[in-house]
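# Inside the fold
As a plain string of letters, each chain reads:
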Amino acid sequence: MPHSSVVASHVFRGQFGAPTPQTHLPSFTFVEDFAVASYYAANPNDRTRPVNAQTPVVLECRVSIHNPLTNSPNDAFIDYDDLKEKVGQEWSNKFLIRHSEHVTATCAWEEHFAPHYSSVEEVVRHRPDQLNLLCLQIWPLLDHPQTVADLKKLGIDGAVHQGSGVSLDCAEYRVFDVRQIETLAVHTPNQPRRPTVTSF
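Residues numbered from 1 in each chain as written. Predicted model: local features only at pLDDT ≥ 70, side-chain atom pairs only at ≥ 80, totals over all residues. Heavy atoms only, no water.

A count of helices and strands for the chain gives 8 helices and 9 strands. Sequence-distant contacts in the chain: of pairs separated by 6 or more residues, those separated by 24 or more amount to 75%. Carbon and sulfur atoms form 48% of the exposed surface of the chain, whose accessible area is close to 10200 Å². (Helix = DSSP H or I, 4+ residues; strand = E, 2+ residues; numbered from the N terminus. Contact = heavy atoms within 4.5 Å. Areas by Shrake-Rupley, 256 points an atom, 1.4 Å probe, with all protein chains shown as cover.)

Right, dumping it as structure tokens:
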């Protein structure tokens with residue numbers, strides 16, 4: 001898994017109102033596709049939060065990630081061995097248990113563990129030799145405040161991974177600090193409809 005630093009010169013972020021990067025999550029998300037960013041500008045993921053009455057905007061930015069958790073634009077998952085390489089065994093096990101619902105939702109869990117184990121914690125405790133068979137989606141780690149705080153302590157400052165949902169055909173660039181972002185331009189969204197997803 002590539003671990004080198006990443007500089008994305010022209011990526012986009014859709015959000016409401018403010019012409020500067022803002023988020024209620026512990027990380028900022030950017031994509032290379034203007035239409036996808038435009039969709040999210042008008043249709044925020046979190047439906048429980050009140051929508052800002054101001055005009056939706058798309059920010060065109062340059063982002064820098066010096067030590068990404070993963071640099072895999074065509075993969076929405078991270079394997080246990082790759083996670084362990086980045087953060088060590090102790091933290092990898094903690095993250096597996098913390099995000100266990102995203103481990104047990106994978107084909108790897110269904111194939112290798114579901115018939116024999118009732119929880120991820122059980123595998124971590126009793127079959128550490130089998131953990132290399134596990135994986136989990138990356139986005140739940142990057143949306144979780146405590147996990148991002150832990151990753152920052154470990155020197156991780158973002159990730160590049162394949163998106164999901166509307167951004168399934170895109171690489172997502174995640175950064176943990178606004179200082180990693182340089183705003184180049186502010187645009188008006190021009191794609192009111194949901195972009196067509198071609199990958200499955």
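Before going further, it helps to examine a negative patch on the surface. There is a patch of like negative charges on the surface, built from Asp-75, Asp-79, Asp-81 and Glu-85. Here Asp-75 lies in the loop between β4 (68-72) and β5 (77-79). (Patch = residues over 30% accessible without salt bridge, like charges linked within 9 Å, V, L, I, M, F, W, Y side chains within 5 Å. Salt bridge = Lys/Arg side-chain N within 4 Å of Asp/Glu carboxyl O. Lys, Arg positive; Asp, Glu negative; His and termini not counted. Charge placed at Lys NZ, Arg CZ, Asp CG, Glu CD.)

Within the structure shown, the criterion is met by 0 disulfides. We note that Cys-107 lacks a disulfide partner, and the nearest cysteine sulfur, in Cys-135, lies 8.2 Å from it. Under the relative-accessibility criterion, Cys-107 is labelled exposed at 68%. (Disulfide = S-S within 2.5 Å. Buried < 20%, exposed > 50% of the residue type's maximum accessible area, 1.4 Å probe, protein only.)

The next subject is the packing of aromatic side chains. This structure, assessed with the given rule, holds 5 aromatic pairs. Summarising the aromatic geometry, the rings of Phe-12 and Phe-34 are spaced 5.3 Å apart at their centres and angled 90° between planes, so their arrangement reads as edge-to-face. A residue pair is termed long-range when its members are at least 10 positions apart, and Phe-12 in strand β1 (residues 6-16) and Phe-34 in helix α1 (residues 34-42) qualify at 22 residues. On the numbers, 5.6 Å between centres and 35° between planes, the contact of Trp-91 with Phe-95 is tilted. One end of the pair, Trp-91, and the other, Phe-95, are both in helix α3 (residues 89-98), 4 residues apart, so they sit about a helical turn from each other. For Trp-91, a relative accessible area of 21% translates into the label partly exposed. For Phe-95, a relative accessible area of 0% gives the class buried. (Phe/Tyr/Trp six-rings, centres within 6.5 Å; stacked < 30°, edge-to-face > 60°.)

Attention now moves to the pattern of salt bridges. Summed over all chains, the structure comprises 7 salt bridges. The salt bridge involving Asp-129 is made with Arg-127; its shortest N-O contact spans 2.8 Å. For Arg-127, a relative accessible area of 29% translates into the label partly exposed. One salt bridge in this structure joins Arg-174 and Asp-143, with 3.0 Å as the shortest N-O distance. Taken as a pair, Arg-174 in strand β8 (residues 171-175) and Asp-143 in helix α7 (residues 139-143) lie far apart in primary sequence, 31 residues in all. Salt bridges linked by common partners bring Asp-143, Glu-172 and Arg-174 together as one network.

Our next topic: the packing of helix α2 (residues 80-87) against α3. Relative orientation and spacing of two packed helices are given, respectively, by the angle between their axes and the distance between those axes. It is the contact of α2 with α3, at a shortest axis distance of 7 Å, that shows an interaxial angle of 130°. Judged by the inter-axis angle, α2 sits oblique to α3. Judged by the sense of rotation from one axis to the other, the crossing of α2 with α3 is right-handed. Taking contact as the criterion, the partners of Tyr-80, Leu-83, Lys-84 and Val-87 in α2 are, on α3, Gln-89, Trp-91, Ser-92, Asn-93, Phe-95 and Leu-96. Residues that form the contact of α2 with α3 fall into these classes: 6 nonpolar, 3 polar and 1 charged. (Axes fitted to C-alpha atoms, helices over the stretch in contact; angles between N-to-C directions. Parallel < 35°, antiparallel > 145°, perpendicular 65-115°, else oblique. Left-handed = near helix turned anticlockwise from the far one by under 90°. Nonpolar A, V, L, I, M, F, W, Y, C, P; charged D, E, K, R; others polar.)

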